[in-house]
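# Notes for the structure review
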Amino acid sequence: MNHNGLDWDRLRAGAATATGLGVLTLGDALESVAALPDGCVDLAVTSPPYDRQGKYRDGEAYRREWYRGYFLALTAEIHRVLAPHGSFVLNYRSKRQGAERGTLQYELVLWLREQGFLFAEDFVWGKPSPPPGRFNRFLKDAVEYCFQFTKTPAWQFFPEHVLQPARWDAVDRARRRRLEHNYARVQEPSGHGRKRALAGPDQVRPSTLLTFEPEFGPNPSGHPSRFPVELPDFFIRLMTRPGQVVLDPFAGTGTTGVAAEALSRRWVLFEADAGYAAALPDRLARLARPEGPMAGE
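Residues numbered from 1 in each chain as written. Predicted model: local features only at pLDDT ≥ 70, side-chain atom pairs only at ≥ 80, totals over all residues. Heavy atoms only, no water.

Two numbers describe how helix 6 (residues 230-239) lies on helix 7 (residues 255-262): the axes approach to 8 Å, and their chain directions differ by 50 degrees. With respect to helix 7, the element helix 6 is oriented oblique. Helix-helix and strand crossings are classified by hand; for helix 6 and helix 7 the assignment is right-handed. In this structure, helix 6 contributes Pro232, Asp233 and Ile236 to the contact, and helix 7 contributes Thr255, Thr256, Ala259 and Ala260. (Axes fitted to C-alpha atoms, helices over the stretch in contact; angles between N-to-C directions. Helix = DSSP H or I, 4+ residues; strand = E, 2+ residues; numbered from the N terminus. Parallel < 35°, antiparallel > 145°, perpendicular 65-115°, else oblique. Left-handed = near helix turned anticlockwise from the far one by under 90°. Contact = heavy atoms within 4.5 Å.)

Okay, structure coming up:
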């Protein structure tokens, strides 16, 4: 069956894990994404290995040359497979290098713009309970970035899927609703009338500061940098509709797939390490499936 040009029968035939909505295939990220057809992905969400992180347990570190070469070749393929309305969300945070914070996170933004991506937004993931700091002159590292890149200015966006309770005082909300100018049609000096939006609604758009705890659950695979399911869940809600396709080329233990499965999105994951990928079937089996469509969808 084809969807967005994807041959799902072929993908499932080579998958390590598959459901009715998605597949995880073992393989190199660049080679795997290069085999996908043009314009077949609605959203790509991924967290590549951080600089100087051990390379799949073999001790080799990812250095700047890896990002300038291999990773940019991969992002060029991601740009190709994105639909015109698609987004690419990159979770990345440079490590410290001696007395300085690395600047690779900012260089990546500039490099991807040179590739033709639009730099749409920078979200900050704040961790209320970060791991203890290990440096005498630095505080706990409680921030990571989620950079949103798009293929065109016409990227899709559904803020109504991620509304949050307003931080208005209940008495203030009631007072604002009694003020006629907050909801009634008014006459402007120009002679043009307009309806004002109700001030102080119960549900409002969230900010670009995302507050999610790090992943503290069991880690039998030993993956060094898992992100919480709430992170891809937020972007999948914000940037896709049910049935659309989500890609993660550095899938790890499959967190993006777990979020997409719960939200009734199709998902395509690639992971080079069989040990990390082996965690996904159990995670899907324990997934608490919603009784119906998610709120606002």
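Text resumes after the structure shown.
We now examine the environment of Arg101. Tracing the backbone through its elements, the reader meets Arg101 in strand 8 (residues 100-101). The class for Arg101 is partly exposed, based on a relative accessible area of 23%. Residue contacts for Arg101: discarding those within four places in its chain leaves Arg93, Ser94, Lys95, Arg96 and Asp141. There is a polar contact of 2.5 Å between the side chain of Arg101 and the backbone oxygen of Ser94. A polar contact is formed between the side chain of Arg101 and the side chain of Asp141, at a distance of 3.0 Å. (Buried < 20%, exposed > 50% of the residue type's maximum accessible area, 1.4 Å probe, protein only. Polar contact = N/O pair within 3.5 Å; in protein donor to acceptor, adjacent residues only side chain to side chain.)

Below, the discussion takes up the pattern of salt bridges. This model, assessed by the stated rule, comprises eight salt bridges. Between Asp38 and Arg80 there is a salt bridge, with the nearest N and O atoms lying 2.6 Å from each other. Taken together, the positions of Asp38 in the loop between helix 2 (29-34) and strand 5 (41-46) and Arg80 in helix 3 (residues 64-81) put the pair 42 residues apart, joining distant regions of the chain. Using a relative accessible area of 23% as the deciding quantity, one classes Arg80 as partly exposed. (Salt bridge = Lys/Arg side-chain N within 4 Å of Asp/Glu carboxyl O.)

Right, let's talk about the environment of Trp111 for a bit. Within the secondary structure layout, Trp111 lies in helix 4 (residues 104-114). Sequence separation between Trp111 and Leu72 is 39 residues; the distance between their C-alpha atoms is 7.9 Å. Non-local contacts of Trp111, meaning those with residues more than four positions away in its chain, are made with Arg64, Tyr67, Arg68, Leu72 and Leu104.

Let us now look at the packing of helix 3 against helix 4. Interhelical geometry of helix 3 versus helix 4 gives an angle of 35 degrees and a closest axis separation of 11 Å. For the element pair helix 3 and helix 4, the recorded crossing hand is right-handed. On helix 4, the residues that touch Arg64, Tyr67, Arg68, Phe71, Leu72 and Thr75 of helix 3 are Leu104, Glu107, Leu108, Trp111, Leu112 and Glu114. Taken together, the residues of the contact of helix 3 with helix 4 sort by class into seven nonpolar, one polar and four charged. (Nonpolar A, V, L, I, M, F, W, Y, C, P; charged D, E, K, R; others polar.)

Moving on, we come to unusual backbone geometry. Located in the positive-phi region is Ser264, a residue other than glycine, with phi close to 60 degrees. Note on placement: Ser264 falls in the loop between helix 7 and strand 17 (266-271). Overall, the relative accessible area of 40% leaves Ser264 in the partly exposed class.

With that out of the way, let us pick up the sheet that holds strand 17. Taken in spatial order, the nine strands line up as 3-4-17-16-5-6-10-9-15 in an open sheet, and their pairing is mixed. Sheet topology places strand 3 (17-18) and strand 15 (209-211) at the edges, where each strand pairs with a single neighbour. Against the sheet, helix 4 makes contact with strand 6 (82-92), strand 9 (118-126) and strand 10 (143-150), and its axis sits at roughly 0 degrees relative to strand 10, the strand it touches most. (Pairing = 2+ DSSP bridges.)

Moving on: the environment of Pro128. Here Pro128 lies in the loop between strand 9 and strand 10. As a C-alpha pair, Pro128 and Pro214 span 86 residues in sequence and 8.3 Å in three-dimensional space. When sequence neighbours within four positions are dropped, the list of residues in contact with Pro128 reads Thr211, Phe212 and Glu213.

A few words now on helix 3. Relative to the 26 Å expected for 18 residues at 1.5 Å per residue, helix 3 spans 25 Å between its end C-alpha atoms, a close match to the ideal helical length. Along helix 3, the largest kink reaches about 35 degrees and is centred on Phe71. Turning to helix 3, its buried residues are Trp66, Tyr67, Phe71, Leu72, Leu74, Thr75, Ile78, His79 and Val81. On its buried side, helix 3 packs onto helix 2, strand 5, strand 6, helix 4 and strand 16 (245-248). (Expected span 1.5 Å × (residues − 1). Bend = angle between axes of the 7 residues up to and from the residue.)

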